[in-house]
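Residue-level listing of the chains:
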Amino acid sequence: MNVNFEPHSLKEFNIPAYILAPGSEAEKLGDVPSCPVLVFINSKSGGQLGGDLLLTYRSLLNNHQVFDLGGEAPDAVLRRLYLHLETLKLNGDEFAPKIEERLKIIVAGGDGTAGWLLGVVSDLKLSKPPPIATVPLGTGNNLPFAFGWGKKNPGTDRDSVLAFLDQVRKAKEMMIDSWHILMRMKAPTEGSFDPIAPLELPHSLHAFQRVSSSDELNMDGYHTFQGGFWNYFSMGMDAQVSYAFHSERKLHPEKFKNQLVNQSTYAKLGCTQGWFFASLVHPSSRNIAQLAKVKIMKKHGEWQDLTIPPSIRSIVCLNLPSFSGGLNPWGTPNKNKRRDRDLTPPYVDDGLIEVVGFRDAWHGLVLLAPNGHGRRLAQAHRIKFEFHKGAAEHTFMRIDGEPWKQPLPVDDDKVVVEISNLRQVKILATHGCRSRSVHDPSSPTTPHGQDDGERDSDEEESVGEEWRKFGAADTFKIPDEMKVQKARRSEIAESLGPVSVPKENVQEKSGETKHTLYQGCALPQFTCPTSQQ
């Protein structure tokens, strides 16, 4: 691939060093970059590809804007950046608000890594959250594929990276629903019932002990876990196969050097785990109907039982039209299904989650056929699993490609997993991607109950804290000292009246105005508190 990028074109993606690194000397600048990007790369993803990609991005962009997720968590990076942006804006920098408005994020990794970044941006609750583009660097790459970024691991050479940057510049913004998962159980009298992951917990699941005062389980002696997902939550045999794959990869990383080998190993594990012969080797006690009672909510406050066929061994709660390497389990219901069962196409921003069941791997292969789909069970704003007392010692669960083994108490019938629509975040998508918005004029129908799925701010404040966040990051807040300085600056600016920018700080070129740093009047300078740096 040969991309003709002039050296000056890279300036459209560069962020000045003084914006990224507090303490750097301020620069005199021309035009604001049209597409400033922050790049987060999981250097452990894709075998050696993650590390190679990290080197290429750092050779093209400012080192301060390319981060290895193995070295620094994204919430710390973003918190530091946005705090410094607030400081610069307070001190009159004209570039800072424009960088903030145009900023985009690129994340390279598997679906779990992409979900981690999305969760962090969601939890920070920034006033102007940046949209996110995803580089497919994992095995399944369902999330990048859903938004047009492909599912094959990308090239790591200069031309490939430049081509991707050009796609990011041209990409459109879409809103994507996020989903919160809450798991609560009675504390065991002996042993631990924390989620057991392949050597480490997924980024998307975080321990969370507090519950709201209005919660019926607000009492001592209960464990609560929370997390969030953007693509899917699954439970059952598909998650068991995924757990076996991740366990093997954690123990023998040298065997998993490229995507093709990974996919081949995944298929082999599907056979050895009995996923293709589930009716013969899979105990019926682990079928979803025998394991848990399932309820759904189509309208707020109205729970109803969902009948699960006894042969279903895997259940998938799906937000995007991409699962298991780009397959679409929900498909597109025909007109009769839409009318008779009140079903809609799988929009990514309609506040509805699609619930699909599978009997075994052979049932899953039907997705390869034109118009193939799994067993459509329901669409809902919330779904709840109430595990039967003593039904099993454990089950397997998975969030956006990251599985874990979940022990279940045998003497308690209050083990609950509840999934609820949370909020939306901006994501970048290529034109013509398979994901569809309910607001797209070409959408055939308006989803049923869409208004019922939207939460206003009053409702959000009335629910417990565990329903308002993923647990991936603390909400970003401007320090009180900065708020005081900001108020003082506004008062002084108002008393001074309109301020003229000195002529030497304005350059005219081709009808465009270029600004240097704001030096129009002497306003109080703010320095970020030491504890916040």
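The rules behind each value
Residues numbered from 1 in each chain as written. Predicted model: local features only at pLDDT ≥ 70, side-chain atom pairs only at ≥ 80, totals over all residues. Heavy atoms only, no water. Helix = DSSP H or I, 4+ residues; strand = E, 2+ residues; numbered from the N terminus. Buried < 20%, exposed > 50% of the residue type's maximum accessible area, 1.4 Å probe, protein only. Contact = heavy atoms within 4.5 Å. Areas by Shrake-Rupley, 256 points an atom, 1.4 Å probe, with all protein chains shown as cover. Pairing = 2+ DSSP bridges. Axes fitted to C-alpha atoms, helices over the stretch in contact; angles between N-to-C directions. Expected span 1.5 Å × (residues − 1). Phe/Tyr/Trp six-rings, centres within 6.5 Å; stacked < 30°, edge-to-face > 60°. Lys NZ or Arg CZ within 6 Å of the ring centre and 35° of its normal. Core = buried A, V, L, I, M, F, W, Y, C linked by side-chain atoms within 4.5 Å. Salt bridge = Lys/Arg side-chain N within 4 Å of Asp/Glu carboxyl O. pLDDT = per-residue confidence, 0-100. Arc of directions from axis to C-beta. Right-handed = clockwise from strand over helix to strand, strands pointing away.

### Quick word on the overall build of the protein chain
Piece 1. Helices and strands together make up the secondary structure of the protein chain, namely 15 helices and 19 strands.
Piece 2. For the protein chain, buried positions account for 54% of its 533 residues.
Piece 3. Taking as baseline every contact in the protein chain between residues at least 6 positions apart, the subset at least 24 positions apart corresponds to 77%.
Piece 4. Here the protein chain has roughly 24200 Å² of accessible surface; of this, 48% comes from carbon and sulfur atoms.

### Some thoughts on the sheet that holds strand E13 (residues 375–380)
Sheet strands pair via backbone hydrogen bonds, and the direction of the pair is either parallel or antiparallel.
Piece 1. The strand order across the open sheet built from six strands is E13-E12-E11-E8-E15-E16, with neighbouring strands paired in antiparallel fashion. What marks the edges here is a single partner per strand, and that holds for E13 and strand E16 (402–407). On average, adjacent strands in this sheet sit at an angle of 20 degrees to one another, irrespective of strand direction.
Piece 2. The pairing of strand E12 (residues 353–358) with E13 spans five bridges and is antiparallel. The partner of Val-355 across the bridge, within E13, is Ala-378.

### Structural notes on helix H2 (residues 49–60)
Piece 1. Here H2 contains 12 residues, and its C-alpha end-to-end distance of 17 Å stays within 8% of the 16 Å for a straight helix at 1.5 Å per residue.
Piece 2. Gly-50, Leu-53, Leu-54, Thr-56, Tyr-57 and Leu-60 are the residues of H2 that are buried.
Piece 3. Looking at the packing, one finds that the buried side of H2 touches strand E1 (37–41), strand E2 (66–68), strand E3 (104–109), strand E4 (132–136) and helix H7 (158–170).

### Description of the packing of aromatic side chains
Where two aromatic rings form a pair, the distance of their centres and the angle of their planes describe that pair.
Piece 1. Across all of its chains, the model carries four aromatic pairs by this definition.
Piece 2. Measuring from centroid to centroid gives 6.1 Å for Phe-233 and Phe-385, while their planes differ by 50 degrees, and the two rings are tilted. Of this pair, Phe-233 sits in strand E8 (residues 232–236) while Phe-385 sits in strand E14 (residues 382–387), and the two are 152 residues apart along the sequence.
Piece 3. Residue classification places Phe-385 among the buried residues on the basis of a relative accessible area of 0%.
Piece 4. Looking at Arg-376, its charged tip hangs above the ring of Trp-330, at a distance of 5.8 Å from the centre.
Piece 5. Here the guanidinium or amino end of Lys-384 rests over the ring plane of Trp-303, the centre of that ring lying 4.5 Å away.

### Some points on the environment of Leu-352
Piece 1. Secondary-structure assignment places Leu-352 in the loop between helix H12 (335–341) and E12.
Piece 2. For Leu-352, a relative accessible area of 0% translates into the label buried.
Piece 3. With 175 residues separating them along the chain, Leu-352 and Asp-177 place their C-alpha atoms 8.5 Å apart.

### Digging into the nonpolar core
Piece 1. Counting 67 residues, the largest nonpolar core has Leu-38, Tyr-57, Ile-106 and Phe-147 as the members making the most contacts within it.
Piece 2. In terms of residue count, the dominant contributor to this core is helix H5 (residues 111–124) (seven residues).
Piece 3. Membership of the second largest hydrophobic core comes to 34 residues, among which are Ile-181, Ile-308, Phe-385 and Phe-387.

### What to know about the pattern of salt bridges
Piece 1. Summed over the entire model, instances satisfying the criterion amount to 10 salt bridges.
Piece 2. For Lys-89, the salt bridge goes to Glu-100, with nearest N and O atoms at 2.7 Å. Separated by 11 residues along the polypeptide, Lys-89 in helix H3 (residues 74–90) and Glu-100 in helix H4 (residues 95–102) bring together distant segments of the chain.
Piece 3. With relative accessibility at 24%, the residue Lys-89 sits in the partly exposed group.
Piece 4. Judged by relative accessible area, which is 3%, Glu-100 ranks as buried.
Piece 5. Glu-173 is the salt-bridge partner of Lys-426, the closest N and O atoms lying 3.8 Å from each other. Of this pair, Lys-426 sits in strand E17 (residues 416–429) while Glu-173 sits in strand E5 (residues 172–186), and the two are 253 residues apart along the sequence.

### As for the pairing of strand E7 (residues 222–229)
Piece 1. For E7, a buried count of seven out of eight residues is recorded, marking the element as mostly surrounded by other parts of the structure.
Piece 2. Relative to E7, E5 runs antiparallel, the two sharing eight bridges. Bridge pairing in E7 links Trp-179 to Phe-229.

### Topic: the environment of Gly-357
Piece 1. You can see Gly-357 is positioned in strand E12.
Piece 2. A relative accessible area of 0% places Gly-357 in the buried class.
Piece 3. Sequence separation of Gly-357 and Pro-329 is 28 residues, and the distance between their C-alpha atoms is 8.8 Å.

### As for unusual backbone geometry
Glycine aside, the phi torsion of most residues is negative, and most peptide linkages are trans.
Piece 1. With a phi close to 55 degrees, Lys-125 is a non-glycine residue in the positive phi region.
Piece 2. With respect to the helices and strands, the residue Lys-125 is situated in the loop between H5 and E4.
Piece 3. Judged by its relative accessible area of 32%, Lys-125 falls in the partly exposed class.

### Topic: the confidence of the model for the protein chain
Piece 1. Residues at a pLDDT of 70 or more form 63% of the protein chain, whose mean pLDDT is 75.
Piece 2. Predicted confidence is poor over residues 449–463, with pLDDT under 50, and the contacts of this stretch with residues over four places away or in other chains come to 24 contacts.

### Details of H4
Residues lying three or four places apart along an α-helix face the same way, a consequence of the helix completing one turn every 3.6 residues.
Piece 1. Listing the buried residues of H4 in full gives Phe-95, Ala-96, Ile-99 and Glu-100. Viewed along the axis of H4, the buried residues span an arc of 130 degrees, placing them on a single side of the element.

### Structural notes on the pairing of E1
Piece 1. Summarising burial for E1: five of the five residues are buried, a large majority.
Piece 2. Residue alternation in E1 divides its side chains into two sets, Val-37, Val-39 and Ile-41 and Leu-38 and Phe-40, and both sets are buried.
Piece 3. As paired strands, E1 and E3 are joined by five bridges and run parallel to one another. Following the sheet pairing, Leu-38 is matched in E3 by Ile-105.
Piece 4. As paired elements, E1 and E2 share three bridges and run parallel to each other. Paired with Phe-40 across the two strands is Phe-67, which belongs to E2.
Piece 5. Taken together, E1, H2 and E2 constitute a β-α-β crossover, and its handedness is right-handed.

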